[in-house]
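# Summary of the model geometry
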Amino acid sequence: MRTTYIPFLHAKKGEFSALRHATKEQRATMLPLFDIGLFTNKLRESPRYRNEAAPTCAYLECIADGIVDATSGPVMVDTSQWPAEEVTETGEVAIAYAVQALLERGQAVVPVVGLDRWDSEEYREAMAALDVDEESTWALRLDSSDIEDAADPIHFMERIEDVTRELGLRASQLGILIDFGDVTGQTRESLIAQADLVLRLLGPAGYQFYAVAGCSMPSTIDKALKKRNTEGTLLRKEMRAWHRLREMHPHLPLAFGDYGVRGPRTSDIQNPNTNGKIRHSIQNNFYIVRGEPRRKGDGQMHRLANIVASSEHFQGPQFSWGDRELYRRAMREDIGKRKPKIIGGGGSTEWIAFDTNHHFAWVQLEVAAVEHALKAVPVEVVIPGW
């Protein structure tokens, strides 16, 4: 599978919708990583799960259904926010249950191992016991603390070798995910220097693929634009850093990764003071339009959509499904209908879907341009039977 883009996505309705509406060509070169959020007490007490005999299992089954419905190709899945030892009502570690639920649905899965959780005996045993093809490709996820550990090369390499040895994996079966997570407090130069060290240490081993990921979008919009009812741009440091690293390591199969349009620390708690916003990806940046608190209604989204649609950054409603939906809101009606009707501005989940879908289309054009210019080694992810 020729892979150019590895988006790290919340396993949520907005992201599912964005991927479902991506084109066949876009999905063909994407290997999404779905990070399953915690099963919180609020979810447990919701009408959907309160009467379930095994609510955690039911939640993970529901997420598996959402992933299968959203995608037509292989996926990665992780539970990085969960305590490593947390188990379902059936006594299974969450990530193991999630992988098995996907496999039972015929979904091709690249299991993800979190190096930050490897010290947990329960986690190690669960990952080693996964019922996957012995030739399957796996991925090893390094978080920011793991990346910092590369400053001690001997310790760093020993930990990674421990993973491959215990799982019985060859280097050619393993992809390396260099995941910086939230990079709002880091410079582009720092990202490049840290990732470069990891790639120089691990490159000679011949791992199947490598990816560098991060997110410049802060957890709340006020950290990107200070004032309500304003617009501005925010540098996507992860894209600039990957571009430079691709130039530095053209001999390595190095994919681009990011977190779509919302970061790993974004809260899903509904807050009436959350501002309406549009996060529109452009060359190396986000073009952000911030509105007012949503308690004033979703009607403001018509106005915000019109600002984007009237800007130099808008590529037209034909660019992606997300752009078409944005344009419909800007026009306030169903375009192309004989008898157009006024449509609503759209809620938070809908705009996550619209913005993320546009982001998919835009990023893949950016990545394709870089790959064409550099003629670097392509990223080929081996999926048995695919």
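The structure we're discussing is the one just above.
Attention here is on the structure that accompanies the text. Everything numeric in this text was worked out from a predicted model, so none of it was measured.

The rules behind these values
Residues numbered from 1 in each chain as written. Predicted model: local features only at pLDDT ≥ 70, side-chain atom pairs only at ≥ 80, totals over all residues. Heavy atoms only, no water. Helix = DSSP H or I, 4+ residues; strand = E, 2+ residues; numbered from the N terminus. Rg over C-alpha atoms; globule rule 2.2 N^0.38 Å. Buried < 20%, exposed > 50% of the residue type's maximum accessible area, 1.4 Å probe, protein only. Areas by Shrake-Rupley, 256 points an atom, 1.4 Å probe, with all protein chains shown as cover. Pairing = 2+ DSSP bridges. Axes fitted to C-alpha atoms, helices over the stretch in contact; angles between N-to-C directions. Expected span 1.5 Å × (residues − 1). Contact = heavy atoms within 4.5 Å. Left-handed = near helix turned anticlockwise from the far one by under 90°. Nonpolar A, V, L, I, M, F, W, Y, C, P; charged D, E, K, R; others polar. 1 Å grid on protein atoms, 1.4 Å probe; cavity = no way out; pocket = protein on both sides within 12 Å on 5 of 7 lines; lining within 4 Å. Points joined across faces, edges and corners; volume = space filled by probe spheres on them. Polar contact = N/O pair within 3.5 Å; in protein donor to acceptor, adjacent residues only side chain to side chain.

## Brief notes about the overall build of the chain
- What the chain contains, in helices and strands, is 13 helices and 11 strands.
- A globule of 386 residues ought to have a C-alpha radius of gyration of about 21 Å, and the chain, at 21 Å, matches this closely.
- For the chain, with 386 residues in total, the buried portion stands at 56%.
- Summing over all exposed atoms, the chain offers an accessible surface of approximately 16600 Å²; the carbon and sulfur share of this is 49%.

## Some words on the environment of A128
- Relative to the helices and strands, A128 resides in helix α6 (residues 121-128).
- Since its relative accessible area comes to 45%, A128 is described here as partly exposed.
- Sequence spacing of A128 and A53 is 75 residues, and the spatial spacing of their C-alpha atoms is 28 Å.

## Points about the sheet that holds strand β10 (residues 275-282)
- Taken in spatial order, the three strands of this open sheet run β8-β11-β10, and their pairing is antiparallel. Since the sheet does not close on itself, it has two edges, and those belong to β8 (230-235) and β10, each with one partner. Going across the sheet, the axis of each strand differs from the next one's by a mean of 20 degrees, ignoring polarity.
- Two elements, β10 and strand β11 (residues 285-293), share seven bridges in a ladder whose sense is antiparallel.

## Quick word on the pairing of β10
- Of all eight residues in β10, eight are buried, a share of seventy percent or more.
- The side-chain alternation of β10 yields two buried faces, one formed by N275, K277, R279 and S281 and the other by G276, I278, H280 and I282.
- As consecutive antiparallel partners, β10 and β11 are separated by two residues, and within that stretch N284 has a phi angle of approximately 65 degrees, a positive value.

## A look at helix α8 (residues 153-167)
- Taking 1.5 Å as the rise per residue, α8 with 15 residues should run 21 Å; its terminal C-alpha atoms sit 21 Å apart, in good agreement.
- For α8, the secondary structure elements touched by its buried residues are β4 (109-114), α6, β5 (138-142), α7 (144-148), β6 (174-182) and α9 (188-202).
- A positive phi of about 65 degrees marks G168, the residue just after α8.

## Looking at the packing of helix α11 (residues 300-309) against helix α12 (residues 321-331)
- Following both chains from N to C, one finds α11 and α12 inclined at 115 degrees, their axes separated by 7 Å at the closest point. Of the two possible hands of crossing, α11 and α12 adopt the one that is left-handed. Residues H302, A305, N306, V308 and A309 of α11 pack against L326, Y327, R329 and A330 of α12.
- For the contact of α11 with α12, the per-class residue count stands at six nonpolar, two polar and one charged.

## Focus on empty space enclosed by the protein
- Tallying each qualifying case throughout the model produces two cavities of 30 Å³ or more.
- Reported here for the largest cavity is a volume of approximately 40 Å³.
- Along its surface, the largest cavity is lined by T79, W82, P83, A84, E86, V93, A94, I95, R117 and Y123.
- Of the volumes computed, that of the second largest cavity is approximately 40 Å³.
- Per-class residue counts for the lining of the second largest cavity are three nonpolar, three polar and one charged.

## As for the layout of surface pockets
- Estimates place the volume of the second largest pocket at around 370 Å³.
- In terms of lining residues, the second largest pocket is bounded by 20 residues, among which R141, D179, G181, Y259 and P264 are the most central.
- Partitioning the lining of the second largest pocket into residue classes produces six nonpolar, six polar and eight charged.

## Considering the sheet that holds strand β3 (residues 75-78)
- The eight strands are arranged β1-β2-β3-β4-β5-β6-β7-β9 in a closed barrel whose pairing can be described as parallel. Along the sheet, successive strands turn relative to each other by an average axial angle of 25 degrees, direction set aside.
- Sheet topology places strand β7 (residues 209-215) next to strand β9 (residues 254-258); five bridges connect them, and they run parallel. Each bridged residue has a counterpart across the sheet, and for A213 the counterpart in β9 is G257.

## Concerning the side chain of H10
- Turning to its location among the elements, H10 is positioned in strand β1 (residues 5-10).
- There is a polar contact of 3.0 Å between the side chain of H10 and the backbone oxygen of G263.
- Filtering out sequence-adjacent residues up to four positions away, H10 remains in contact with E15, F34, D35, R262, G263, P264 and T266.

## Concerning the environment of A129
- Structurally, A129 can be placed in the loop between α6 and β5.
- Separated by 99 residues in sequence, A129 and M30 have C-alpha atoms that sit 27 Å apart.

## Comments concerning the side chain of T56
- Relative to the elements of secondary structure, T56 occurs in helix α4 (residues 55-70).
- Taking relative accessible area as the criterion, T56 reaches 3% and is therefore assigned buried.
- The contact partners of T56, leaving out residues within four places of it in the chain, are F39, R44, W82, T88 and E89.

## A few points about α11
- Among the residues of α11, those classed as buried are Q300, M301, H302, L304, A305 and V308.
- Looking at the packing, one finds that the buried side of α11 touches β10, β11, α12 and α13 (348-374).

Nothing here speaks to function; it is geometry throughout.
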